[in-house]
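# A closer look at the structure
Residue-level listing of the chains:
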Amino acid sequence: MHEHLNAENDKELLQLLAQDSEYAFAIIFDKYKKRVYNTAFLFLKSAEAAEEVVQEVFLRLWQKRTSLPDIDYLNSFIKTMAYNLMVDQFRKTTLEKDYKKALPPHDPVVDDTDHKVRDYESVRLLQMAIGTLPQRQKQVYELARLKGLSQEQIAAELSISKNTVKVHMSAALQAIRAYLSTHYPDTLTTLPFLILMTRVLEK
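The structure contained in this document is the topic of the report that follows.

What counts, and at which threshold
- Residues numbered from 1 in each chain as written.
- Predicted model: local features only at pLDDT ≥ 70, side-chain atom pairs only at ≥ 80, totals over all residues.
- Heavy atoms only, no water.
- Axes fitted to C-alpha atoms, helices over the stretch in contact; angles between N-to-C directions.
- Helix = DSSP H or I, 4+ residues; strand = E, 2+ residues; numbered from the N terminus.
- Parallel < 35°, antiparallel > 145°, perpendicular 65-115°, else oblique.
- Contact = heavy atoms within 4.5 Å.
- Nonpolar A, V, L, I, M, F, W, Y, C, P; charged D, E, K, R; others polar.
- Salt bridge = Lys/Arg side-chain N within 4 Å of Asp/Glu carboxyl O.
- Buried < 20%, exposed > 50% of the residue type's maximum accessible area, 1.4 Å probe, protein only.
- Arc of directions from axis to C-beta.
- Left-handed = near helix turned anticlockwise from the far one by under 90°.
- Polar contact = N/O pair within 3.5 Å; in protein donor to acceptor, adjacent residues only side chain to side chain.

Put simply, helix 6 (residues 135-145) and helix 8 (residues 162-183) touch, their axes get as near as 9 Å, and they point 95° apart. When the interaxial angle is binned, helix 6 and helix 8 end up roughly perpendicular. For the pair formed by helix 6 and helix 8, the contact residues are Arg-136, Gln-137, Val-140, Tyr-141 and Ala-144 on the first element and Val-165, His-168, Met-169, Ala-171, Ala-172 and Ala-175 on the second. Looking at side-chain class alone, the contact of helix 6 with helix 8 contains eight nonpolar, two polar and one charged residues.

Quick look at the side chain of Glu-142 now. By secondary structure assignment, the location of Glu-142 is in helix 6. Excluding anything up to four places from it in sequence, Glu-142 contacts Tyr-83, Val-87, Arg-91 and Lys-147.

Under the defined criterion, the tally for this structure stands at six salt bridges. Note that Asp-30 is salt-bridged to Lys-33, the shortest N-O span being 3.9 Å. Here the residue Asp-30 and the residue Lys-33 both occupy positions in helix 2 (residues 22-44), the gap between them amounting to three residues, near one helical turn. Lys-33 gets classed as partly exposed once you look at its relative accessible area, which sits at 34%. With a closest N to O distance of 2.7 Å, Glu-152 and Lys-162 form a salt bridge. One end of the pair, Glu-152, is in helix 7 (residues 151-158); the other, Lys-162, is in helix 8, with ten residues separating them in the sequence. In this structure Glu-152 comes out as partly exposed when scored by relative accessible area, which is 45%. Relative accessible area serves as the criterion here: at 35%, Lys-162 is assigned to the partly exposed category.

All right, on to helix 1 (residues 10-17) then. One turn of an α-helix holds 3.6 residues; hence residues three or four places apart share an orientation. Buried residues of helix 1: Asp-10, Leu-13, Leu-14, Leu-16 and Leu-17, and no others. Along the axis of helix 1, the buried residues cluster in a sector spanning 160°; they form a single face.

One can describe the packing of helix 2 onto helix 3 (residues 47-63) by two numbers: an axis separation of 8 Å at closest approach and a directional angle of 145°. Handedness of the crossing formed by helix 2 with helix 3: right-handed. Across the interface between the two elements, Glu-22, Phe-25, Ile-28, Phe-29, Tyr-32, Lys-33, Val-36, Tyr-37, Ala-40, Phe-41 and Leu-44 from helix 2 touch Ala-47, Ala-49, Ala-50, Glu-51, Val-53, Val-54, Val-57, Phe-58, Leu-61 and Trp-62 from helix 3. Class assignment of the residues belonging to the contact of helix 2 with helix 3 gives a composition of 18 nonpolar, no polar and three charged.

Let us now look at the side chain of Ser-21. As for its placement among the helices and strands, Ser-21 is situated in the loop between helix 1 and helix 2. Owing to a relative accessible area of 11%, Ser-21 belongs among the buried residues under this scheme. There is a polar contact of 3.4 Å between the side chain of Ser-21 and the backbone nitrogen of Tyr-23.

Further remarks concern the environment of Phe-43. Turning to its location among the elements, Phe-43 is positioned in helix 2. Assessed through its relative accessible area of 26%, Phe-43 is described here as partly exposed. Taking the C-alpha atoms as reference points, Phe-43 and Tyr-83, separated by 40 residues in sequence, lie 9.3 Å from one another.

Have a look at this one:
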């Protein structure tokens, strides 16, 4: 029925996908899965994590299928989804590694189970707070926090001024503090939060 379709007919494929066409979905999957996997693998350095990104990207693509015909560039849409998922995965891994490395290895207080549970919960709450940031603030934050870029480098990366970077970073940190202060005030004094704040402010 759709023999004339090929991987170049993205617009037509999206129209069919919006009508629940598994055939169109299979073509899109075959076209983009390797690109998503290779990019995720280079970024995350893990085959397992890259496979998870691929699965999540195409799961979301299927879930959003009814709104996809309005998309002009499927490649860019998939790239953006994959990038956001990779950053989320990287952020989670980085935060967990950071606070674990900061803990003294033989401190009996740190080894206390309740302490570990509280710090793990704090990392989760921090992720929730970061997730509430507006897109540009989150983007600036992630470039500073996850990629370790300086304010000058972020300005060049995003084609904005250094002063604008400062404004976005300051707003992001204030928003994180405000969110945690309102919803989880005890988190503000935990080790993961302090690590997050100090390392971002060092940039």
